[in-house]
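Remarks on the overall topology
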Amino acid sequence: MSKFLNIFAPSLGGAALVAGLAYGVSTRDYRAAEADLAMAQSDRALAQVEAATARIAELEAAATAATDAQGAAEAELASLRDQMAARDSAPRAMSVSTQGASAPGPFGLGRDALPEEVAAWNIDVLPDGTGLPVGSGDVWTGDEVFAEHCASCHGDFAEGRGNWPKLAGGQGTLDHKDPLKTVGSYWPYLSTTFDYVRRSMPFGNAQSLSDDDVYAIVAYILYSNDLVDDDFVLSNETFLDVEMPNAEGFIIDDRDTAEAHFWTEPCMENCKDAVEITMRAAVLDVTPEEEGAEEATMDSGTEAATEAPAEEASASEPAPAGDAAPAIDMALASEGEDVFKKCKSCHQVGDGAKNRTGPVLNGVVGAVIGHVDGFKYSNDMAALGEEGKVWTEEELSKFLEKPKGYLSKTKMSFAGLRKEDDRKAVIEYLKTFN
Amino acid sequence: MSDGFEGNTTSRRGFLKGVAGGAGAAALGAGAARAEGPDPLIMEVQEWASGLGDGVDETPYGLPIRFESDVVRRNVPWLTADPISSINFTPIHALDGTITPQGCAFERHHSGAIELAKADYRLMINGLVDRPLVFTYADLERFPRENHVYFCECAANTGMEWAGAQLNGAQFTHGMIHNMEYSGIPLRTLLEEAGLDAAGDLAGKWVYVEGADASSNGRSIPMEKALDDVLVAFKANGEALRKEHGYPVRLVVPGWEGNMWIKWLRRIEVMDQPVESREETSKYTDTLADGTSRKWTWVMDAKSVVTSPSPQSPITHGKGPLVITGLAWSGRGRITRVDVSKDGGKTWETARLGRTQGDTKALTRFYLDTEWNGEEWLLQSRAMDETGYVQPTKHMLRDVRGENSIYHNNCIQTWWIKDTGEAENVEVS
């Protein structure tokens with residue numbers, strides 16, 4: 001209610017109108033509460049009836065207050081402006097008139113969040129253990145779950161692969177050059193690991209793990225950091241027993257004091273005796289080339305327009321007739337390589353490719369479904385293969401459009417490639433590995 | 001004359017090409033150039049002056065003309081394991097003014113840029129509030145909204161330069177920043193709609209904000225900031241947010257590190273303690289030389305950079321009048337002054353601000369209208385903000401913080417302008 005005063009007052013310019021509007025809002029709230037009461041009487045618990053009755057009483061009081069305000073406004077415009085100014089400086093005080101266990105807010109917008117909705121989204125786990133689900137997992141289970149869901153990026157021993165994060169090691173390196181920051185060496189709270197794994201991992205398949213699997217993975221990460229023994233079982237009950245080595249390693253931002261000398265009067269002349277170049281970026285040479293720049297430089301008005309179609313024609317030139325291998329559209333395959341970035345966190349392809357979260361994709365186009373040795377397909381996917389079903393381009397496209405629509409129990413958690421062009425491109429790319 | 005035309009392109013390759021084929025351009029020197037003969041671009045009727053251009057429906061939503069195709073975001077592939085969880089850089093070397101067009105404003109994703117339709121959008125407010133609420137997108141459009149211009153800078157901007165000069169271009173050293181006009185609702189309005197009486201004394205209370213993407217990136221913001229100037233925004237530069245910037249709704253946390261500007265904002269929780277999420281413990285903390293680390297280093301210190309001339313935007317017009325330009329900003333308020341040095345910090349002169357004074361927590365453009373006569377420069381800029389903070393040198397920062405920091409590198413940048421007009425990222429004594 002008070003918000004309306006604040007917003008409309010300048011344009012309406014009349015205190016009476018303002019107060020009248022406020023009264024209208026209160027009346028609307030009153031009707032809404034009455035409707036709530038009717039519903040509560042028919043199918044809700046007595047407690048809710050009482051709450052709604054209480055709300056009506058409050059809203060009646062609010063309506064009376066608004067009527068009073070109208071009178072006051074008609075009498076004294078300036079005094080109302082003073083009230084508004086006072087409300088701005090102490091906004092909490094003015095919301096009292098509409099407060100209540102479930103009374104609408106100043107605008108009456110939105111709807112109540114259901115407890116089960118809050119529970120579905122609020123999965124925070126706090127340093128003191130608040131929010132931990134009941135459950136447990138041991139190191140050895142964690143080893144298996146980690147190998148299946150995490151090791152493709154983080155390494156079998158949480159040591160990390162390539163540029164992916166290292167989760168273990170590094171203790172004692174924080175004061176060295178290039179410290180190794182891992183769960184063991186750096187993270188101050190174990191809750192952070194649990195919270196993050198549960199909400200954000202595995203990469204590309206977030207929130208797919210059971211709570212027990214999350215406990216097991218966290219137990220395994222602790223074990224990989226030599227923080228627990230191999231018989232350790234992590235659970236909501238043992239959680240706070242784990243001591244994190246760097247728990248005391250943080251201070252709150254102290255720039256205002258530690259860097260107080262940066263607030264200064266700057267030097268304008270004779271600030272240094274000599275200046276020498278001590279390091280050059282060109283020597284290091286790690287700056288990416290600018291492909292876009294080349295195109296722009298090459299653009300010389302009309303020339304580019306005539307060149308482009310020629311390139312297109314050569315790219316889509318058909319393969320000689322009678323060739324055994326189907327022609328591959330390399331331009332399309334190249335687009336597909338881009339699309340395949342979405343697949344790379346789980347699938348490898350090419351020389352030396354290995355099964356990861358998903359199977360190797362070499363030769364997948366035209367192969368019998370579930371053909372890769374050593375990869376554990378879902379039962380349903382394996383069954384399709386046993387029927388002799390083949391990944392034709394059409395079948396692959398259907399699967400990739402919506403994997404779980406094609407086969408509801410597929411292990412592939414990927415949402416799918418909605419665009420037909422993307423599917424065509426990625427299949428063309430995969431064909432280059434046949 | 002075609003040399004002169006090409007000389008206007010602002011790329012290293014364009015520059016190198018110009019040097020190889022057009023040394024004469026530099027030799028023209030100061031003063032008005034004299035035509036060697038009538039210019040065919042003037043003398044002959046050109047195709048565009050005779051024929052017809054595109055009709056009005058050619059591009060229902062327009063992109064820059066193809067001659068500007070080098071003004072694009074760029075990625076540094078070796079920085080991250082995968083482009084889905086990565087960052088790219090705004091081409092600040094090629095822009096002017098202060099507003100960053102959305103289409104070339106840097107992106108940072110943790111689980112990729114998701115497609116979230118307005119119809120599927122829900123925003124929840126829960127925790128220590130009187131009424132846990134769920135809003136639809138349409139609900140949000142019914143709250144009073146405001147417009148503000150703010151910069152958004154990734155805390156890691158210039159992070160690759162801590163140990164030494166590394167990347168050769170303002171885009172790469174300083175391009176994790178953009179500056180847009182946001183239309184949105186004060187977070188305060190939404191918190192009051194849910195009611196904060198349940199939170200009791202607001203001192204020491206927190207607001208945890210979280211996104212709808214798979215990373216569900218979440219950060220804890222102190223209540224004081226949440227009630228101050230934080231916006232729940234759904235438009236930028238007048239149009240809907242781009243997918244890569246959090247369509248349909250993102251958080252705007254003025255002056256504070258970009259990681260807190262939650263994209264695809266889905267939940268706001270009022271709490272009595274910070275969550276200590278991954279992004280506020282293992283990342284976005286600053287390790288000092290002795291191994292202890294600063295946390296909650298939210299505000300972005302005052303900073304500036306010369307965007308032209310710079311390695312990707314060399315001097316190609318020869319001797320004579322030169323506009324040095326750059327950007328300055330501070331998370332603590334307005335930029336009040338920018339100084340420029342051509343001799344690596346021995347002497348400084350005060351630059352002209354694009355406007356009398358900068359907007360608070362927004363990019364400020366500066367210019368130094370000067371002459372270049374082929375001499376070598378060690379070109380620097382130094383920002384000051386309304387709190388009296390002066391942008392420090394890298395040495396001053398290292399003296400306090402050591403070299404193991406990743407984030408919050410706001411040091412003075414040096415470009416070595418060579419006698420050819422070419423520029424290189426260097427570090428100086």
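Residues numbered from 1 in each chain as written. Chains lettered and ligands numbered in written order. Predicted model: local features only at pLDDT ≥ 70, side-chain atom pairs only at ≥ 80, totals over all residues. Heavy atoms only, no water.

1. Quick word on the sheet that holds strand β24 (residues 423-428) of chain B
Rule in force here: Pairing between two strands requires that DSSP report at least two bridges joining them. To qualify as a helix, a DSSP run of H or I must reach at least 4 residues; to qualify as a strand, a run of E must reach at least 2; elements of each kind are numbered from the N terminus.
Strands sit in the order β5(A)-β24(B)-β23(B)-β22(B)-β18(B)-β19(B) across an open sheet of six strands; the sheet is antiparallel. Pairing within the sheet leaves two strands with one partner each, and these edge strands are β5 (277-280) of chain A together with β19 (349-350) of chain B. When strand β18 (residues 335-341) of chain B meets β19 of chain B, the two strands line up antiparallel, connected through two bridges. Across the sheet, the residue bridging to Val 340 of chain B is Glu 349 of chain B, located in β19 of chain B.

2. Re the packing of helix α15 (residues 330-339) of chain A against helix α19 (residues 420-431) of chain A
All names here are of chain A. Definition in use: Axis definition: a line fit to C-alpha positions, over the contact stretch in the case of helices; interaxial angles, taken between N-to-C directions, run 0 to 180 degrees. If an angle is under 35 degrees, it is roughly parallel; if it is over 145, roughly antiparallel; if it lies from 65 to 115, roughly perpendicular; otherwise it is oblique. In this description, contact between two residues means that some pair of their heavy atoms is separated by no more than 4.5 Å. We call Asp, Glu, Lys and Arg charged. Ala, Val, Leu, Ile, Met, Phe, Trp, Tyr, Cys and Pro are nonpolar, and the rest, Gly among them, are polar.
Running from N to C, α15 and α19 point in directions that differ by 100°, and their axes come no closer than 7 Å. In terms of orientation, α15 and α19 fall into the roughly perpendicular class. Between α15 and α19, the contacting residues are Leu 332, Ala 333, Glu 335, Gly 336, Glu 337 and Val 339 on the first element and Asp 422, Lys 424, Ala 425, Val 426, Glu 428 and Tyr 429 on the second. Of the residues in the contact of α15 with α19, the class split is six nonpolar, one polar and five charged.

3. Examining the pairing of strand β8 (residues 206-211) of chain B
All names here are of chain B. The cut-off we apply is this: Relative accessibility thresholds used throughout: buried, under 20% of the residue-type maximum; exposed, over 50%; partly exposed, between the two (1.4 Å probe, protein chains only).
Of all six residues making up β8, six are buried, and the element is well covered by its neighbours. What you see with β8 is no split at all: Trp 206, Tyr 208 and Glu 210 on one side and Val 207, Val 209 and Gly 211 on the other are buried throughout. In this sheet, strand β9 (residues 218-222) lies alongside β8 in antiparallel orientation, the contact comprising five bridges. By the bridge assignment for β9, Val 207 is matched with Ile 221. As judged from the six bridges shared by β8 and strand β13 (residues 265-271), these two strands associate in the antiparallel manner. Across the sheet, the residue bridging to Trp 206 is Met 271, located in β13.

4. Some remarks on the confidence of the model for chain B
Residue and element names in this part refer to chain B. For clarity, the threshold we go by: For every residue, the pLDDT score states the predictor's confidence, bounded by 0 at the bottom and 100 at the top.
When pLDDT is averaged along chain B, the result is 92; 92% of the residues meet or exceed 70. Considering only residues more than four positions removed or in separate chains, one finds that residues 1-30, a stretch of pLDDT under 50, has 44 contacts. Overall fold confidence (pTM) sits at 0.73, and the ipTM for the predicted complex is 0.90.

5. Here we look at the state of the cysteines
The condition is simple: The criterion for a disulfide is a pair of cysteine sulfur atoms lying within 2.5 Å.
Counted under the stated rule, the structure contains one disulfide over all chains. Bridging Cys 267 of chain A to Cys 271 of chain A, the disulfide has an S-S length of 2.1 Å. An S-S torsion of about -100° defines the bridge between Cys 267 of chain A and Cys 271 of chain A as left-handed. Judged by relative accessible area, Cys 271 of chain A falls into the partly exposed class, the value being 27%. Just so you know, Cys 152 of chain B is unpaired, no disulfide at all, and the nearest cysteine sulfur is the one on Cys 154 of chain B, 8.1 Å from it. On the basis of relative accessibility, which here comes to 2%, the residue Cys 152 of chain B falls in the buried class.

6. Considering the interface of chain A and chain B
For interface size, the figure often reported is the accessible area lost on association. Our working definition: As used here, buried area is the combined drop in accessible area, with a 1.4 Å probe, of two parts when they are placed together. Any Lys or Arg side-chain nitrogen found within 4 Å of a carboxyl oxygen on Asp or Glu counts as a salt bridge. Polar contacts, as counted here, are pairs of nitrogen or oxygen atoms within 3.5 Å of one another; within protein the pair requires one atom able to donate a hydrogen and one able to accept it, and residues that are adjacent in sequence qualify only if both atoms are side-chain atoms.
Of the residues lining the interface, 101 residues belong to chain A; the matching set on chain B comes to 122 residues. Between chain A and chain B lies a buried interface of about 9,600 Å² when both sides are counted; carbon and sulfur atoms form 54% of it. Taken together, the links from chain A to chain B amount to 10 salt bridges. Viewed at the interface, chain B and chain A are joined by 48 residue pairs in polar contact (both at pLDDT 80 or more).

7. Some remarks on helix α7 (residues 187-194) of chain B
Residue and element names in this part refer to chain B. Along α7, seven of the eight residues are buried, which leaves the element largely enclosed by surrounding structure. Taken together, the buried positions of α7 are occupied by Leu 187, Thr 189, Leu 190, Leu 191, Glu 192, Glu 193 and Ala 194. Following α7 by one or two positions, Gly 195 has its phi on the positive side, about 85°.

8. Concerning the environment of Leu 227 of chain B
All names here are of chain B. The residue Leu 227 is located in the loop between α8 (223-226) and β10 (231-236) in this model. Considered as a pair, Leu 227 and Val 207 are 20 residues apart in the sequence and their alpha carbons are 9.8 Å apart. Apart from residues lying up to four places away in sequence, Leu 227 is in contact with Arg 188, Leu 191, Leu 196 and Leu 202.

9. Section: the pattern of salt bridges
Once their charged atoms are close, side chains differing in charge can pair, the charge on each being opposite to the other. One pass over the full model with this rule turns up 47 salt bridges over all chains. Close ionic contact of Lys 177 of chain A with Glu 403 of chain B constitutes a salt bridge, the shortest N to O distance being 3.5 Å. Linking Lys 177 of chain A in the loop between α8 (151-154) and α9 (190-200) with Glu 403 of chain B in the loop between α9 (394-401) and β23 (414-417), this pair reaches from one chain into another. Of the charged contacts in the structure, one is a salt bridge between Glu 210 of chain B and Arg 267 of chain B, with a shortest N-O distance of 2.9 Å.

10. Side note on the confidence of the model for chain A
Residues and elements named next belong to chain A. Looking at chain A, pLDDT values average 76 and 68% of them are 70 or higher. Low pLDDT, under 50, characterises residues 1-47; the predicted model gives this stretch 66 contacts beyond four residues in sequence or across chains. Taken together, the stretch residues 292-325 has pLDDT below 50 and engages in 26 contacts with residues farther than four places along the chain or on a different chain.

11. Some thoughts on the side chain of Asn 88 of chain B
Its place among the elements puts Asn 88 of chain B in strand β2 (residues 86-89). Dropping the residues within four chain positions of it, Asn 88 of chain B is found in contact with Arg 73, Arg 74, Asn 75, Phe 106, Glu 107 and Gly 175 of chain B.

12. Remarks on the sheet that holds β9 of chain B
A sheet is described by the order of its strands in space; here six strands give the open sequence β1(A)-β5(B)-β4(B)-β13(B)-β8(B)-β9(B), paired in mixed fashion. A strand with exactly one partner marks an edge of an open sheet, and here the two such strands are β1 (111-112) of chain A together with β9 of chain B. One ladder, built from four bridges, connects strand β4 (residues 122-127) of chain B with β13 of chain B; its direction is parallel. In the sheet register, Ile 125 of chain B faces β13 of chain B, and the bridge partner there is Ile 268 of chain B.

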